[in-house]
Structure formats: structure tokens, C-alpha cells
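# Overview (structure and organization)
This is what each chain is made of:
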Amino acid sequence: MALLHVQLINGLFQGPKQSPLSQRRARAGRCLCLQTQAPPSRTQRIMESLSVSGEVGGAGGAYSYSALKRLDQLWSSICSAQTVVEEPKKVVSSVPGFFGNSDLADKAVDTFDVLICGGTLGVFIATALCAKGLRVGIVERNVLKGREQEWNISRKELLELVEIGVLVEDDIELVTAAKFNPNRCGFEGKGDIWVEDILNLGVSPAKLIEVVKNRFISLGGVIFEGNSVSSISIYEDAAVLQLNEGNILSSRLVIDAMGNFSPIVKQIRSGRKPDGVCLVVGSCARGFKDNSTGDVIYTSSLVKKVGASEAQLFWEAFPAGSGPADRTTYMFTYLAPQPQSPKLEELLEEYWKLMPEYQGVSLDDLEIQRVLYGIFPTYCDSPLPAAFNRVLQFGDASGIQSPVSFGGFGSLTRHLKRLSTGIYEAMSDNLLDSYSLSLLNPYMRSPT
Ligand SMILES: Cc1cc2nc3c(=O)[nH]c(=O)nc-3n(C[C@H](O)[C@H](O)[C@H](O)COP(=O)(O)OP(=O)(O)OC[C@H]3O[C@@H](n4cnc5c(N)ncnc54)[C@H](O)[C@@H]3O)c2cc1C
């Protein structure tokens, strides 16, 4: 119900001895203004009561109510678009001739074998390539830092990082905040399957990225933090990056690791509306007595009405590393974006109603640590083939997706050995044309 605020604006009852400024204000305000204002949603009340610190650049790295509103605005623009969300900016252009002969050649401040744009998952491929002896730089528009909220992953996936020299085995203990077994997959009324060692670790992205960042620097890697990519010119012999902050960097290959909303991906996809989206909301909260196992995927209801639309809701829940009674719960759904699709805030409103029943708790007994949300777009034509010579997508930008979450650190680690070896071979044999690079991102069936 809308709250009716009746505001009596100053000026109605003011005496004659006023300054010219107050007189002008009084004249302007000589009206009785009626303002209607919706009461804050439960989501807003909860989120605004939490102190938010340590927001970072990667997906799921923002926890504030204002960041939720911004993402909901972006989501609304996706939903209301017919076919194109926004005409994309031209970031990459092909320039005939050699960089060495161009006017920019004298202005380049540094030269690399590979430049990675975006550092969240970018630092993993950067370190793998550095370990093979390439000179690698990372351009990251924020400080290169992982989020506080854990990534859930299996140990087997972390061991893939050890195999390619990105981590040593002792690092796994250092970055693992939570361990639990077994985990459930279930559809209510249809029975449960309990699995061991699948998504049973909570890894701290903050610690993991710090460890990998230090390894990258120790291997000679260079990070340009607080710098964002403005444009990329592709010459016959080089890809040249111009940064918004003014620097010019050249390399043989650019890896676009700028996530789902990468400006290069927008250009390649001509700003096209995604074919589907996985919407996720959730929370990390304290106060769970029964907190020794997790749910990899669970659904406890049929299709439900959410806002003006319908959705099949799924759950994921895991013990969190911040305390024995702390638990992360996610509620997610898959939608084709339509004007009537629910906003993230509407899903969160549903979440506060349904989560207590699903988890067997009362909201009053929980201390919410942070509220979580994200949008994972997907396109039928995924993975994304390389559209330009010398530019390859990686991580969420690549469309190499987990069919469950449509993204993820976990789904990337499975490809890192194959990709780092393939990129190294492409560099060694100078196979950096778009066709050859596309062979590195083929369609593959992926287990999770
Ligand atoms: C709520 C939520 C929960 C999740 N839980 C899990 C989980 O449990 N397990 C798991 O494996 N995954 C999880 N994920 C997914 C995981 O967070 C993402 O898959 C991962 O962050 C993708 O990394 P990325 O580097 O490809 O893209 P992003 O995380 O989007 O990072 C892109 C990077 O590029 C930088 N950047 C962007 N534009 C520019 C520019 N112009 N110039 C320079 N830099 C730029 C950004 O600052 C950022 O660092 C979750 C995601 C969300 C939203």
C-alpha cells in the first residue's frame, strides 16, 4: 500500500520580514504538495540495515541496495528490448598495415606477448601463461581483488590449478574457508540423491585471488589496476590497447576476460538481447543449527507466480566459512527475458518468504551477513567464436558456460589446462587469426 506523505512546504505561514532569497523560496513553495512514496520493501529494509564494505569488480562482488537497483535497471532494459538492448560502442577496430609503421608506435609505453582485459578470472589464465614463459599484463578497471562471498567448488577443480602451476597444493588449504559432505540433489516428492565431494568446498575468492595475484607478480606479470580499456586496434603484427587513463599498450594477443557485460562481447553480439537468463538471489546468514551438509540443487515447488510472471524456483545452499552456524542460500530461476519478467528485488521478496520454510528456520532467528544477487545471460550461439584476429574471450565473456549456473569460476577451471596449452601453441605458431582462435572455444558438453 502506498504511503501518503502530506508535506506542507515552508512559506505558507511566514511573516513579512524575509530576505529576498527566503521570499523567492516562499513564493516557489506556496503550495501544498502531495507526494506518494512506496514503503521500503523488506529487501530494502534488510539491505539498508547491513553495513556493506569491500565491494569488488567481479560478478557477485556488490552487496548494496543501490547496486541491486542498478542491476535491476540493467535487467529491465534487457527485458524491455525487442532485439537490441543498446547500440554498442565500437571498441575493437581492424587497422590495415603494421603497428611498427604507425603513428602510435612511439607512444606505446609497454609491449607484451599477451594482455588480459579484466582480472577476476583473468588473473588465472594470466598466471598460467606467465608460468609458460610469456610476458603478460593485466588491465583491471578496479583494484584486482576477489569478493568476500565464497565460491563453491570441488577439490578436483582446484587441483587442476595446481597441475598448471597457478597454485601449489598447500594453497588449497589456505584459501578453503569451508568443507562439508555429503551434498544433496533433489526434487521434492521425487527422492534425493546424496553426492560426495561435489561443490563441497567454500573457497574465499578474496584469498584465492590474492595468492594468484602474488604468484603472477612473482613470475614477472604486470598489473595495470584502476585502468579500463577504451579501444583496441588490430594491426597485422599487434593488438594495441588504448586505456581510458591515457596509456597505450601493445601485445600479440588480447584476452577479453571482462565478464558477461564485456564491451567487446557487446560489440561482437551487436548489443543483442540474450536468449535466456539465469537470475540468482540469496543471502549468507548466521543462525543455522543444522549446517553440516549442502544442497547442490533442490526444488521444493512447482512453477510459481513471481511478480507478473511465472518461474520455476531452484535452491542451492552451503555451509559458509565465516562461522559454524553461517550458511549461504541461493534461489535461482531460468527465464527468457520479457517485459513482465520479475525484477531481482521481486525475487528477493519471494526469497524472504520461501527460504525459511526451505531451510527449516525462522527469519527472526537469522542474522543476515550479506544479500546476494546476479544475472547470467546466455545466447544460443555459445561459446562465442573469436570475431577478430588477436582477440579471444575467456571466463564468463567466452560463453563457455556451466549449464546450471550459466557461468562460474568452477566451470572455468575445467578448461584452464586446455586453454593455456592451446593459447601457448597458438602464440608459438603465430596462429592468432580469428578462425584459429575460435578453435579454442568450441562447443563442448560440460558436466555441471
Ligand atoms: C551471486 C553469485 C554467486 C556465484 N557463486 C559462484 C560459486 O559458488 N562458484 C562459482 O564457481 N562461481 C560462482 N559465481 C560466478 C562467478 O562469480 C563468475 O563466474 C566469475 O566471477 C566470472 O569471472 P569473470 O572474470 O569471467 O567475469 P567478472 O566476474 O564479471 O569479472 C570481470 C572483470 O573485468 C573487469 N572489467 C570490466 N570491464 C572492464 C574494462 N572496461 N576494463 C578493464 N577491466 C574491466 C571487472 O572489474 C572484473 O574484474 C557466482 C556469481 C554470482 C553473481
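Residues numbered from 1 in each chain as written. Predicted model: local features only at pLDDT ≥ 70, side-chain atom pairs only at ≥ 80, totals over all residues. Heavy atoms only, no water.

Let's shift gears to the sheet that holds strand β7 (residues 176-179). In space, the three strands of this open sheet follow the order β6-β10-β7, with antiparallel pairing throughout. Since the sheet does not close on itself, it has two edges, and those belong to β6 (151-153) and β7, each with one partner. On average, each strand axis in the sheet is inclined to that of its neighbour by 30°, with strand direction left out of account. Pairing geometry for β6 and strand β10 (residues 201-203), over three bridges, is antiparallel. (Pairing = 2+ DSSP bridges. Helix = DSSP H or I, 4+ residues; strand = E, 2+ residues; numbered from the N terminus. Axes fitted to C-alpha atoms, helices over the stretch in contact; angles between N-to-C directions.)

Next up on the list: the domain arrangement of the protein chain. Domain parsing of the protein chain yields domain 1 (65-80 + 274-378) and domain 2 (92-148 + 204-272 + 382-438). Its C-alpha centre places domain 1 at a distance of 31 Å from the equivalent point of domain 2. Of the residues lining the interface, 14 residues belong to domain 1; the matching set on domain 2 comes to twelve residues. Summed over both partners, the interface of domain 1 with domain 2 comes to about 1,000 Å²; 58% of that surface belongs to carbon and sulfur atoms. Together, Phe376, Pro377 and Thr378 form the three largest contributors to the area buried by domain 1 at its contact with domain 2, with a combined 42%. Across the domain 1-domain 2 interface, the total number found is one salt bridge. (Domains from an automatic or database assignment. Contact = heavy atoms within 4.5 Å. Buried area = accessible area lost by both parts, 1.4 Å probe. Salt bridge = Lys/Arg side-chain N within 4 Å of Asp/Glu carboxyl O.)

Residues in close proximity to the ligand total 31 residues, the closest being Ala59, Thr120, Glu140, Asn152 and Gly408. Interatomic distance of 2.8 Å between a backbone N/O atom of Asn152 and an oxygen atom of the ligand. Relative to its unbound accessible area of 1,000 Å², the ligand is 92% covered by the protein chains. Put simply, the parts of the chain that give the shell around the ligand at least two residues each are β5 (136-140), β6, β21 (367-378) and α10 (409-428). Its residues placed into classes, the shell around the ligand shows eleven nonpolar, 16 polar and four charged. (Near = heavy atom within 4 Å. Polar contact = N/O pair within 3.5 Å; in protein donor to acceptor, adjacent residues only side chain to side chain. Areas by Shrake-Rupley, 256 points an atom, 1.4 Å probe, with all protein chains shown as cover. Nonpolar A, V, L, I, M, F, W, Y, C, P; charged D, E, K, R; others polar.)

Time to look at unusual backbone geometry. In this structure, the amide linkage connecting Asn181 to the following residue, Pro182, adopts the cis form with an omega of -15°. Inspection of the secondary structure assignment puts Pro182 in the loop between β7 and β8 (183-187). Here the residue pair Ser382 and Pro383 is connected by a cis peptide bond, since its omega of -5° sits within 30 degrees of zero. Even without being glycine, Ser270 reaches a positive phi, approximately 55°. Look at Ser270 and you get partly exposed, because its relative accessible area is 43%. For Asn430, which is not a glycine, the phi torsion comes out positive at approximately 55°. (Buried < 20%, exposed > 50% of the residue type's maximum accessible area, 1.4 Å probe, protein only.)

For the protein chain, the mean per-residue pLDDT works out to 89, and 90% of the residues sit at or above 70. Across residues 28-33, where pLDDT falls below 50, the model places eleven contacts with residues more than four positions away in sequence or in other chains. (pLDDT = per-residue confidence, 0-100.)

Scanning the model with the defined rule gives three cavities of 30 Å³ or more in all. Of the volumes computed, that of the largest cavity is approximately 200 Å³. Lining the largest cavity are 14 residues, and of these Val85, Phe261, Lys266, Arg272 and Tyr379 lie nearest its centre. Those elements that place two or more of their residues in the lining of the largest cavity are α3 (65-80) and α8 (263-268). Split into classes, the residues belonging to the lining of the largest cavity amount to eight nonpolar, two polar and four charged. Each of domain 1 (65-80 + 274-378) and domain 2 (92-148 + 204-272 + 382-438) gives at least three residues to the lining of the largest cavity. (1 Å grid on protein atoms, 1.4 Å probe; cavity = no way out; pocket = protein on both sides within 12 Å on 5 of 7 lines; lining within 4 Å. Points joined across faces, edges and corners; volume = space filled by probe spheres on them.)

On to the sheet that holds strand β19 (residues 314-319), then. One open sheet holds the seven strands; their spatial order is β9-β8-β16-β19-β20-β15-β21, and the pairing between them is mixed. Of all the strands in the sheet, the pair left with one neighbour each is β9 (192-195) and β21. For this sheet, the mean inter-axis angle between neighbouring strands, taken without regard to orientation, is 15°. Pairing of β8 with β9, which is carried by four bridges, proceeds in the antiparallel orientation.

Another point: the pairing of β19. Most of β19 is tucked away: six of the six residues are buried. The two faces of β19 match: Phe314, Glu316 and Phe318 on one face and Trp315, Ala317 and Pro319 on the other face are all buried. Sheet analysis places strand β16 (residues 294-299) next to β19, joined by two bridges and oriented antiparallel. By the bridge assignment, Tyr298 is partnered in β19 with Trp315. Judged from the six bridges that link them, β19 and strand β20 (residues 326-335) form a sheet pairing that is antiparallel. Residue pairing for β20: Phe314 is matched across the bridge by Phe332. Connecting β19 to the antiparallel partner β20 that follows it, the hairpin turn spans six residues.

Bringing the side chain of Asp72 into the picture now. Along the polypeptide, Asp72 turns up in helix α3. Lys69 provides the closest opposite charge to the buried, salt-bridge-free Asp72, at an N-O distance of 5.8 Å. Within the structure, Asp72 has its side chain in polar contact with the backbone nitrogen of Leu344 (distance 2.7 Å). (Lys, Arg positive; Asp, Glu negative; His and termini not counted.)

Another aspect to go through is the packing of aromatic side chains. This model, assessed by the stated rule, comprises twelve aromatic pairs. With 6.0 Å between their ring centres and 85° between their planes, Phe112 and Phe224 make a pair best called edge-to-face. Here Phe112 is found in strand β4 (residues 110-117), whereas its partner Phe224 is found in strand β11 (residues 222-225), with 112 residues between them in sequence. Each member of the pair, Phe112 as well as Phe224, is classed as buried. Between Phe180 and Phe318, the aromatic rings sit 6.0 Å apart at their centres with planes inclined by 35°, giving tilted as the arrangement. Of the two residues, Phe180 is situated in the loop between β7 and β8 and Phe318 in strand β19; the sequence distance between them amounts to 138 residues. Here the two residues Phe180 and Phe318 agree in accessibility, since each one is buried. Through a chain of ring-to-ring contacts, three or more aromatic side chains come together here, namely Tyr298, Trp315, Tyr351, Trp352 and Tyr358. When the ring centre of Tyr379 is taken as origin, the NZ or CZ atom of Arg269, which lies over that ring, is 3.9 Å away. (Phe/Tyr/Trp six-rings, centres within 6.5 Å; stacked < 30°, edge-to-face > 60°. Lys NZ or Arg CZ within 6 Å of the ring centre and 35° of its normal.)

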